[in-house]
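The chain contents come next:
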Amino acid sequence: MKCAFVRHGRTEWNKKRLLQGRTDNPLSAEGYFEATKAAQSLQRIGHWHAVYSSPLMRSVQTAQRIAEILAIARVHKQADLVERDFGPAEGIHLGDFDDETRNELICAVETDQEVQDRALHAFRYIAERHRGKNVILVGHGALFRLGLSAALGYDHPPIFNGDICEFPSEMFQNI
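About the thresholds
Residues numbered from 1 in each chain as written. Predicted model: local features only at pLDDT ≥ 70, side-chain atom pairs only at ≥ 80, totals over all residues. Heavy atoms only, no water. Helix = DSSP H or I, 4+ residues; strand = E, 2+ residues; numbered from the N terminus. Buried < 20%, exposed > 50% of the residue type's maximum accessible area, 1.4 Å probe, protein only. Contact = heavy atoms within 4.5 Å. Phe/Tyr/Trp six-rings, centres within 6.5 Å; stacked < 30°, edge-to-face > 60°. Pairing = 2+ DSSP bridges. Axes fitted to C-alpha atoms, helices over the stretch in contact; angles between N-to-C directions. Salt bridge = Lys/Arg side-chain N within 4 Å of Asp/Glu carboxyl O.

Participant: Residues and numbers for the side chain of Ser59, please.
Facilitator: By the element assignment, Ser59 lies in helix α3 (residues 57-70). For Ser59, a relative accessible area of 0% gives the class buried. Excluding anything up to four places from it in sequence, Ser59 contacts His8, Ser53, Ser54, Val138, Gly139 and His140.

Put into structure tokens, the structure is as follows:
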């Protein structure tokens, strides 16, 4: 079966190109529309059994919209799907610093390896819990990019707001 990774819909901070990290921003009107479009795409792809979400509001709102459209009764909150803790970089504009300084700020609290380990733990837990089922994971750009890169063994490209990536769930059961 498969796991679909859906990045939450857009927020005002996404629009302004500010690093959100764990700042708990709601979806914008555009983000709600992106969540609806993602749900409609998932509906066309197949039958889904469960929805998991980061506990942050923007992901929960996206997951709830998806669950509503797909007639899934419950959204499971999974703490390990929370976005990276960007520490002192939280709230900065992506263009404010050169790459080296920005990366140093971003990694000040949680390293790439720590994010990857946490993401892989969440992916494995969900895939093992729902063997033979199609599952949706709603989360964040940095967490998904780092986690999927570690699982696949190559750099996964960024996932944009409201976008969906699918993978066979078996690939996450033994990572």
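Participant: Explain the packing of aromatic side chains to me, and be specific about the residues and the numbers.
Facilitator: In this structure the tally under the stated criterion is seven aromatic pairs. Pairwise contacts between aromatic rings join Phe5, Phe123, Phe144, Phe167 and Phe172 into one cluster.

Participant: So what's going on with the sheet that holds strand β3 (residues 75-77)? Residues and values would help.
Facilitator: One open sheet holds the five strands; their spatial order is β3-β2-β4-β1-β5, and the pairing between them is mixed. Of all strands in the sheet, those bounded by a partner on one side alone are β3 and β5 (164-168). Sheet twist, expressed as the mean angle between neighbouring strand axes with direction ignored, is 25°. Sheet analysis places strand β1 (residues 2-7) next to strand β4 (residues 135-139), joined by five bridges and oriented parallel. Bridge assignment links Phe5 to a residue of β4, and that residue is Leu137. The sheet contacts of α3 involve β1, β2 (50-53), β3 and β4, and relative to β4 the element is tilted by about 150°.

Participant: Which residues make up the pattern of salt bridges, and what values do they have?
Facilitator: In the structure shown here, the tally under the stated rule is seven salt bridges. With a shortest N-O distance of 3.8 Å, Arg10 and Glu34 are connected by a salt bridge. Within this pair, whereas Arg10 is found in the loop between β1 and α1 (12-16), its partner Glu34 is found in helix α2 (residues 29-45), the two being separated by 24 residues in sequence. Take Glu34: its relative accessible area is 11%, and that puts it in the buried class. Measuring nitrogen to oxygen at the nearest pair gives 3.5 Å for the salt bridge that ties Glu110 to Arg22. You can see Glu110 sitting in the loop between α4 (99-106) and α5 (112-129) and its partner Arg22 sitting in the loop between α1 and α2, a full 88 residues away along the chain.

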